[in-house]
Amino acid sequence: MIEAPISMRQLAERARDAGVALRNCTADQKTRAIQAMARGLLQHADRILAANAKDVEAAKAAGMGSAKVDRLTLTEARIRDMAAGLEAVAELPDPVGETFAQTTMPSGIKVERVRVPLGVILFIYEARPNTTADAAAICLKASNAIILRGGREAKESNAAIVRVLSEGLTSEGLPADAIQTVPVYDHESVNELLGMSGLIDLVIPRGGEGLIRTVAQHSTIPVLKHFKGTCYVYVDETADLDMAEEIVFNSKVQRPAVCNASEHLLVHRSVATQFLPRMARRLDMVELRGDEPTRRILPGIRAATDDDWSEEYLDLIMGVKVVASADEAIDHINTYSSHHTDTIVTEREAVARHFLHDVDSATVLWNASTRMADGGQVGLGAEIGISTDKLHARGPMGVEELTSYKWVVIGTGQIRK
């Protein structure tokens with residue numbers, strides 16, 4: 001935990017030095033440190049919950065919406081989930097030093113590609129304090145130092161979590177500066193950090209589209225973008241409608257304010273009359289906005305505008321459209337989605353394979369909720385974000401996605417002719 005006052009350059013220099021030290025840590029040291037961090041979250045849950053209660057109270061007083069308050073709120077169960085996520089990261093194979101490609105050339109040189117840490121990561125994020133622990137553990141597992149710049153609305157929660165994580169680090173002899181927070185919340189400090197390309201190696205912004213675009217515009221450091229999650233569910237004409245109902249409900253309602261919640265529903269016209277009324281009854285807590293064919297079936301709902309189809313509501317709102325074919329669904333998704341996560345519900349494998357191949361999104365699913373597009377659900381232990389970029393990582397980002405590689409060439413005296 002950094003004690004103010006400290007300049008942004010000092011903070012970045014400490015992170016750089018910690019990153020250098022982490023390169024020489026063993027896999028066992030990092031595993032034990034992450035396990036200690038997980039135990040600390042459980043042992044000091046009361047301290048974290050007390051800090052979080054202050055943030056939640058302030059957010060409600062400021063008029064924050066219920067969905068965003070839910071993202072901010074920690075509970076004993078959510079802290080247990082945080083700790084479980086850290087335990088899962090601790091058990092992952094250490095990627096650093098892995099030789100993942102090797103060959104011997106005709107000249108006799110041996111060529112290897114070996115995974116190495118990125119170095120120092122600046123992580124800028126909004127009101128999800130559980131993300132603090134996930135990001136710190138993933139970066140540590142890949143031997144990266146991390147600078148955490150959370151939102152003001154979660155400042156008490158994040159400070160309490162980082163204190164616990166730092167105690168876990170130092171208990172295993174790792175540098176406390178490997179996990180640091182930015183102690184001030186002004187735009188100038190962020191802009192200063194975004195100019196430190198010689199000290200910081202990667203910026204990962206996670207939050208609203210406005211935040212990410214602002215970071216990308218001001219940064220002199222490579223930015224791995226986590227743009228908005230305009231996610232779609234398409235219910236095909238051969239879908240099992242009971243399954244479809246559960247998938248749509250889970251995709252929209254389970255955590256409506258997260259990036260992999262579904263914002264839009266497409267339904268094949270041959271099942272729309274049968275499916276939409278039952279789905280509307282199930283989604284009675286959700287404001288539905290529909291195209292004209294949908295409103296003929298559900299006459300009481302609000303008309304959708306063209307802008308709705310690319311909107312990330314992060315709330316209990318859902319756009320609904322009737323389509324004539326899977327091809328129309330695919331074209332609509334590729335036109336309006338944010339290329340984050342989209343799913344098809346169908347019993348026809350050929351149609352599913354067509355959808356999975358042609359939808360240009362970071363994660364595509366068949367007969368599964370969009371909420372399954374998550375690092376923990378796909379075997380990464382946890383994630384630092386879900387990239388909508390195509391370079392250098394795409395989709396859920398875990399430990400391997402926070403490494404680069406170097407070429408190692410071993411010769412016996414070869415020279416270039």
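What you are looking at is a predicted structure, and each value in this text was computed from that prediction instead of being measured.

**Q** So what about empty space enclosed by the protein? Which residues, and what values?
**A** This structure, assessed with the given rule, holds one cavity of 30 Å³ or more. Estimates place the volume of the largest cavity at around 40 Å³. Here the lining of the largest cavity is built from residues that sort into two nonpolar, one polar and four charged.

**Q** An account of unusual backbone geometry is requested, with residue identities and associated values reported.
**A** Residue His 392 follows Leu 391 across a cis peptide bond; omega there is -5 degrees. Position of His 392 among the secondary structure elements: in the loop between β14 (385–387) and β15 (395–397). Residues other than glycine seldom take positive phi values, yet Leu 314 does so here, at roughly 55 degrees. Counting through the fold element by element, Leu 314 comes out in the loop between β10 (302–303) and β11 (317–323). Leu 314 gets classed as buried once you look at its relative accessible area, which sits at 17%. Unlike most non-glycine residues, His 339 shows phi in positive territory, near 60 degrees. Tracing the sequence through the fold places His 339 in the loop between α13 (326–336) and β12 (341–345).

**Q** Let's hear about the layout of surface pockets: which residues, and what values?
**A** Of the volumes computed, that of the largest pocket is approximately 730 Å³. Forming the boundary of the largest pocket are 28 residues, of which Asp 81, Arg 128, Asn 130, Arg 371 and Asp 374 lie nearest the centre. Per-element accounting of the lining of the largest pocket gives the leading share, four residues, to helix α5 (residues 76–91). Of the residues assigned to the lining of the largest pocket, the class counts are seven nonpolar, 11 polar and 10 charged.

**Q** Explain the side chain of Asp 134 residue by residue, including any values.
**A** Counting through the fold element by element, Asp 134 comes out in helix α6 (residues 130–141). No salt bridge forms around the buried Asp 134; measuring N to O, its nearest opposite-charge neighbour Arg 206 is 6.0 Å away. Setting aside its immediate chain neighbours within four residues, Asp 134 contacts Leu 86, Ala 382 and Glu 383.

How each quantity is defined
Residues numbered from 1 in each chain as written. Predicted model: local features only at pLDDT ≥ 70, side-chain atom pairs only at ≥ 80, totals over all residues. Heavy atoms only, no water. 1 Å grid on protein atoms, 1.4 Å probe; cavity = no way out; pocket = protein on both sides within 12 Å on 5 of 7 lines; lining within 4 Å. Points joined across faces, edges and corners; volume = space filled by probe spheres on them. Nonpolar A, V, L, I, M, F, W, Y, C, P; charged D, E, K, R; others polar. Helix = DSSP H or I, 4+ residues; strand = E, 2+ residues; numbered from the N terminus. Buried < 20%, exposed > 50% of the residue type's maximum accessible area, 1.4 Å probe, protein only. Lys, Arg positive; Asp, Glu negative; His and termini not counted. Salt bridge = Lys/Arg side-chain N within 4 Å of Asp/Glu carboxyl O. Contact = heavy atoms within 4.5 Å.

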